[in-house]
Amino acid sequence: MKRFSWFNATALTLGFAFLYLPMVILMIYSFNESKLVTVWAGFSTKWYGELIQNEAFLNAAWVTIKVAVFSSTIATILGTMAAYVLVRANRFKGRTLFSGMIYAPLVMPEVITGLSLLLLFIGIGLDRGVLTIVLAHTTFAMCYVSVVVSSRLVSFDRSLEEAALDLGCSPWQAFRLVTLPIIAPAVISGWLLAFTLSLDDLVIASFTAGPSATTLPIKIFSAVRLGVSPEINALSTIMIAIVTIGVIGASLISKQASLKQQRDEQAAARG
Amino acid sequence: MAQETLFEPWNDPNESPLIQFKNVTKKFGDFTAIDDLTQDIYAKEFFALLGPSGCGKTTMMRMLGGFETPTSGTIQIAGQDMNNVPPNKRAVNMMFQSYALFPHLSIYENIAFGLRRTDMAKGAIDARVNEMLKLTRLEKFAQRKPHQISGGQRQRVALARSLAKAPKLLLLDEPLGALDKKLRQDTQFELMDIQEKTGTTFVIVTHDQEEAMTVASRVAVMDEGRIIQVATPDVIYEAPNTTYVADFIGDVNLIKGTVELRVSSAPVNDPEPGAVAENIVDETPSPQPNKLGEWIHDKLLSPIIGERIEPIKRLPPPSTAELAASQEKMQTAQDGGLLLNWSDKNPTIIVSNGDETKDGATLTFAIRPEKLNISKTKPDAPNALQGKVIDIAYLGNVSTYYVELIGGQMIKAQMANARRLARRDITWEDDVWVSFTDTAGVLLER
């Protein structure tokens, strides 16, 4: 049997074309000389140059990065804590309910999450700005982190922690010196996931952002309504690059960790 | 030998125990893992908890380590109530079944881990770790990570790490479970050696009875959250208190019957042995080819009809002197004791070490297979039962004969293959006599 038949090749091409053709076109046109988006007039990087001088975009980019860093960091801490408790605490009432509730926001429509957060912020009189976006992004990114971390914790040998306690560690020391270094790859990939999610979120950010703070996706969305400019193409290309790096990084780290675990297990099996 | 004082703190009323379980019960929901258990363990003991999985032995150990708290009752270590003391505040260390080595730390750092949690000086830690590495012969591997060493080495790292803090009590949870048999035996002796050198009290959990018998000063046989018997390995083996213990430790034949008082030197009821038909095996060998026949075959016929099948080379039959030597002389029965009625077709069993107050009770007679002798002629022994060999398991050092007694009771007899020639005349379907002395077995109530 041929490993690469015509059918396979066609299916693969079609599938990937469907997924990536729009992005490729966007990237190509970001290097277009012409101001008209649909007419190719030669290669140029001038839109990237203009982008750098566009203060509104740069401000929005700065806000976005700030929000992404803060929210993903807080989400990682909270998500790891939640995962730890839900995996570790063996018996307490309503455990199943709690773990279900952790995962529920994953499937919740973003519009509803955004709207509920907006109502909450108005209710408690919190001015919308960078802080509110950070809080909102933390809320939904935390679920993703806790899913990633808890899947690692499930396969974590609990006797390692007991051994640490047995050797004189306080529970916090045991977590810091033994558990955390071992689950670190999962925590880091959780952070990267949260970071990229925050970076490209539009719906929740548009509910919780105020006039003082606009994130890049919001800026692009509003700019496009006035007509697509090659500048937007350039900006989108940069964002695609950042997100791609983030996703590839996260998957590489978790793949490396699982490979290492596999190697260790094989070494153990060989005895 | 006589001068050497025996290590028996449990028989010394002046000795105070290191560990005391006092009416300890542990429940997990509806499941009772430990059921009202009271037990003393003394300093410098090598105490083995033995039992099938789910008997509560691991729970007992985890309570000593502080990983579980008793539902009721108290556990004291050196007179101190330990119920509310967390694991990190106990002078107890544990060697985990999975070894639980920290994968992100080197062997050196694994062993130093416990010491670094104390306010010990850096130099002192280094000296102690090196001492431990030397004790467990791991000096060469100090800088390796746990996944870069073999299973046996990992087991030694786990031992070194748990001994590094010089605990009063070391708990070993199935420490040798992951090792192959040969390595396990070597490590058992190593463990005993280290226990003697360091003078630490060891409590070991195992389901392997051989391991418990080898290493332990005392063995506690557990079942369903209770300790059934605590004794030295030889007492556990030779004088089990229940059929459960007898059956769990080693191989045993169990015969149920009612006992009656034995009138001294009364002739034993002995039915005629006519029940078993004479079974004469045709001993004449099949005809063998002579020199000419072999030559014709090898030169002419072998390409056509194939290789000649050589007759199986058997050892020459034993001489009468050898046979006589293999027949062990048995003393005649002592007076007193009990008689066990267990079958209409078989003679009663004389148990002269039986408790005479049990007259009339229904008891189980337990006898180890190696205490039985097997012969083709009626031996001169206090107890001799007739049967037929159903199966023989040749294990090298010993052979186990599965004998069906008259009436269908199966019995296992084990004979040491002390001489290369001994007893090879007994084979399948042979009618044999199974004999044993009047004190070889014990009578058990349950």
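None of these values were measured; they are calculated from a predicted model.

> Summarise the nonpolar core; cite the residues concerned and give the values.
Counting residues in each nonpolar core, the largest one holds 110 residues, and the members touching the most others are B:Ala48, B:Leu64, B:Ile111, B:Leu171, B:Val203 and B:Ala220. No fewer than three residues from each of domain 1 (9-251) and domain 2 (254-263 + 329-444) of chain B sit in this core. Counting residues in each nonpolar core, the second largest holds 45 residues, with A:Ala82, A:Val149, A:Ala205 and A:Ala234 among its members.

> Before we move on, could you go through the sheet that holds strand E19 (residues 431-436) of chain B and cite the residues and values that matter?
Residues and elements named next belong to chain B. Ordered in space as E15-E19-E16-E17-E18, the 5 strands form an open sheet in which the pairing is antiparallel. Every other strand in the sheet has two partners, leaving strand E15 (373-375) and strand E18 (410-416) as the edge strands with one partner each. When the angles between neighbouring strand axes are averaged without regard to direction, this sheet yields 45 degrees.

> Please provide a residue-by-residue account of the interface of chain B and chain A, values included.
If you look at the interface, chain B gives 19 residues, while chain A gives 19 residues. When residues of the side of chain B that touches chain A are traced back to their parent elements, those giving at least two are strand E6 (92-95) and helix H2 (107-116) of chain B. Broken down by class, the residue content of the side of chain B that touches chain A amounts to 8 nonpolar, 10 polar and 1 charged.

> Please set out the environment of A:Ile122 residue by residue, giving values where relevant.
Residue and element names in this part refer to chain A. Locating Ile122 in the fold gives a position in helix H5 (residues 110-123). On the neighbour-count criterion, Ile122 (11 C-beta atoms within 10 Å) is exposed. Sequence-wise, Ile122 and Thr208 are 86 residues apart; in three dimensions their C-alpha atoms are separated by 9.8 Å.

> Go over H5(A) with me, naming the residues and quoting the values.
All names here are of chain A. Taking 1.5 Å of rise per residue, the 14 residues of H5 would be expected to cover 20 Å, and the 20 Å separating its terminal C-alpha atoms lies within 8% of that figure. Within H5, the full set of buried residues consists of Gly114, Leu117 and Phe121. Buried residues of H5, viewed axially, fall in a sector of 65 degrees; they line one side. Turned more than 90 degrees away from the buried face of H5, the exposed residues are Val111, Ile112, Leu119, Ile122 and Gly123. In this structure, the buried residues of H5 make contact with helix H6 (130-154) and helix H9 (203-208). One or two positions beyond H5, positive phi appears at Gly125, with a value near 70 degrees.

Calculation criteria
- Residues numbered from 1 in each chain as written.
- Chains lettered and ligands numbered in written order.
- Predicted model: local features only at pLDDT ≥ 70, side-chain atom pairs only at ≥ 80, totals over all residues.
- Core = buried A, V, L, I, M, F, W, Y, C linked by C-beta atoms within 7 Å.
- Buried ≥ 20, exposed ≤ 12 C-beta atoms within 10 Å, placed from the backbone.
- Domains from an automatic or database assignment.
- Pairing = 2+ DSSP bridges.
- Helix = DSSP H or I, 4+ residues; strand = E, 2+ residues; numbered from the N terminus.
- Axes fitted to C-alpha atoms, helices over the stretch in contact; angles between N-to-C directions.
- Contact = placed C-beta atoms within 7 Å.
- Nonpolar A, V, L, I, M, F, W, Y, C, P; charged D, E, K, R; others polar.
- Expected span 1.5 Å × (residues − 1).
- Arc of directions from axis to C-beta.

Geometric values such as these leave the question of function open.
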